[in-house]
Amino acid sequence: MKVVIDPGHGGSDTGAVGAVGFGLREADVALQLAELVGEHFGKYEGAVVTFTRNRNTSSSYPAPPAGLRKRIAYANNTNADLFLSLHCNAGGGSGFESYIAKGAPARTQRIQKAINDQVLSYLKGYNIGPHGQPAKNDSQAARSRIAVLQDTKMSAVLLECLFIDNAKENKLLCDRQFLDGLAKAIVKGVAAAFGLKEKVNKPKQMYRVMVDGKEAVDTAYESKINDTVTRAISSQKNEITIRKIM
Ligand SMILES: [Zn+2]
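All residue numbers refer to positions counted from 1 along the written sequence of the respective chain. Only residues with pLDDT of 70 or above have their local features reported here, since the model is predicted, and side-chain atom pairs are shown and tallied only from 80 upward, although totals for entire chains, interfaces and linings are computed over all residues. Hydrogens are left out, water is left out, and the side-chain values use all remaining heavy atoms of the structure.

The name an unreviewed UniProt entry gives the protein chain is N-acetylmuramoyl-L-alanine amidase, with Laceyella sediminis as the organism.

Here's what the structure looks like:
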């Protein structure tokens, strides 16, 4: 399952800037959230993640951002299954909402609902709810047409994660732990919609390397075993044994 994560804005385009909270920029929140979302996808089997922009195109303002057309072309060329665009809201209000393209297929609507369910249940713990009807289509957006939703070939969902100009929500958007929980909820929603399974961490097999009757190393890493053996050989030891332990 391939997902293209699209951190909104970037480069000279800061997105919305919070009037409170030391001028927190939407572009930076979106990027941080995107990285966390990427990390959480790593916990699921078969999830492949790419990004439409990275730190390089946001840290050096005013570097050119990856323009919308480029992002769309990139996503369409990767044959992704999902385009996930991350933003924060502004303009007075509170809460979470998500958008899909008007007329998007049932599959996309299901993905949107699965994400909404997980995110809203997470936000409940912070006494934050939806912004109006949480599942919207882009004809209900301020600009009434969202190119990254309409012009991408795969299922595409855009999340407006809280209001950057709302004092309480701005504070949360500055909190990495909060963002990590939000990222986890987003990925949980996607995983539910796509039936992704969490990776099982198998205990690694440990080996003990003995050199001339003495324990040299207990390790699960092949490279450490190799290093130990190489060292023992180069110092002309007589006996090297490698035995499975545990
Ligand atoms: Zn935005």
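**Q** How should I be thinking about the coordination of the zinc ion in this particular structure?
**A** Note on metal geometry: ideal angles are 109.5 degrees for four donors arranged tetrahedrally and 90 or 180 degrees for six donors arranged octahedrally. With water omitted from the atoms examined, metal sites may look incomplete; donors here are N, O and S atoms no farther than 2.8 Å from the metal, or 3.2 Å in the case of Na, K and Ca. Coordination of the zinc ion by the protein involves H9 (NE2), E26 (OE) and H87 (ND1), with metal-donor separations of 2.0 to 2.2 Å. Considered as a linear motif, the donors of the zinc ion on their single chain read H-x16-E-x60-H. Remark: E26 occurs in helix α1 (residues 26-41) and H9 occurs in the loop between β1 (2-7) and α1; sequence separation between them is 17 residues. Accessibility assignment for this pair places H9 and E26 in one class, buried. A helix here means a DSSP run of H or I that spans at least four residues, while a strand means a run of E at least two residues long, and both kinds are numbered starting from the N terminus. Relative accessible area decides the class of each residue, using a 1.4 Å probe on protein chains only: under 20% of the type maximum gives buried, over 50% gives exposed, and in between gives partly exposed.

**Q** Is there a simple way to explain helix α3 (residues 68-77) in this structure?
**A** Because each turn of an α-helix spans 3.6 residues, side chains separated by three or four positions in sequence point in the same direction. Those residues of α3 that sit buried are R71, I72, A75 and N76. All buried residues of α3 project into a common sector of 130° when viewed along the axis, lining one side. More than 90 degrees from the buried face of α3, the exposed residues found are R69, K70 and N77. In this analysis, two residues are considered to be in contact whenever any of their non-hydrogen atoms come within 4.5 Å of each other. For α3, the secondary structure elements touched by its buried residues are β1, β3 (82-89) and α5 (147-150). Directly beyond the C-terminal end of α3, a positive phi value near 55° is found at N79. By construction, the arc corresponds to the directions joining the helix axis to the C-beta atoms.

**Q** Before we go on, may I ask you to explain helix α4 (residues 106-124) in this structure?
**A** With 19 residues, α4 should cover 27 Å at 1.5 Å per step; its first-to-last C-alpha distance of 26 Å lies within 8% of that length. For α4, the complete set of buried residues consists of T108, I111, Q112, A114, I115, N116, V119, L120, Y122 and L123. As for α4, its buried residues are in contact with β3, β4 (96-100), β5 (130-137), β6 (155-163) and α7 (176-194). In a helix, the anticipated span is given by 1.5 Å times the number of residues less one.

**Q** In this structure, what is going on with the state of the cysteines? I would like to understand it.
**A** Covalent bonding between the sulfur atoms of two cysteines is what defines a disulfide. Note on terminology: disulfide denotes any pair of cysteine sulfur atoms within 2.5 Å. A complete count under the given rule lists zero disulfides for this structure. Between C88, a free cysteine, and C161, which holds the nearest cysteine sulfur, the sulfur-to-sulfur gap is 6.4 Å.

**Q** Which parts of the structure should I look at to understand the layout of surface pockets?
**A** If a probe as big as a water molecule is rolled over the atoms, it shows which places are left empty. Cavities and pockets were defined on a 1 Å grid built from protein atoms only: a cavity is a group of points that admits a 1.4 Å probe but offers it no way out, a pocket is an open group of points flanked by protein on both sides within 12 Å along at least five of seven lines, and a lining residue is one with an atom within 4 Å of any such point. Grid points are joined across faces, edges and corners, and a volume is the space filled by probe spheres set on the points. Volume-wise, the largest pocket comes out at about 610 Å³. In terms of lining residues, the largest pocket is bounded by 28 residues, among which H9, H87, R143, L158 and E160 are the most central. Listed by contribution, the elements that provide at least two residues to the lining of the largest pocket are α3, β3, β4, α5 and β6. Broken down by element, the lining of the largest pocket gets its largest block of residues, four residues, from β3. Here the lining of the largest pocket is built from residues that sort into 13 nonpolar, seven polar and eight charged. Any residue outside Ala, Val, Leu, Ile, Met, Phe, Trp, Tyr, Cys, Pro, Asp, Glu, Lys and Arg is labelled polar, Gly included; the first ten of those are nonpolar and the last four are charged.

**Q** Sorry, what's going on with the UniProt feature "domain: MurNAc-LAA" (unreviewed entry) in the protein chain here?
**A** UniProt positions are given in the numbering used here, feature names are shortened, and annotations may be inferred rather than shown by experiment. In this structure's numbering, the residues bearing the UniProt feature "domain: MurNAc-LAA" (unreviewed entry) are residues 72-191. For residues 72-191, helix accounts for 43% and strand for 25%, while the C-alpha atoms at its two ends are 23 Å apart.

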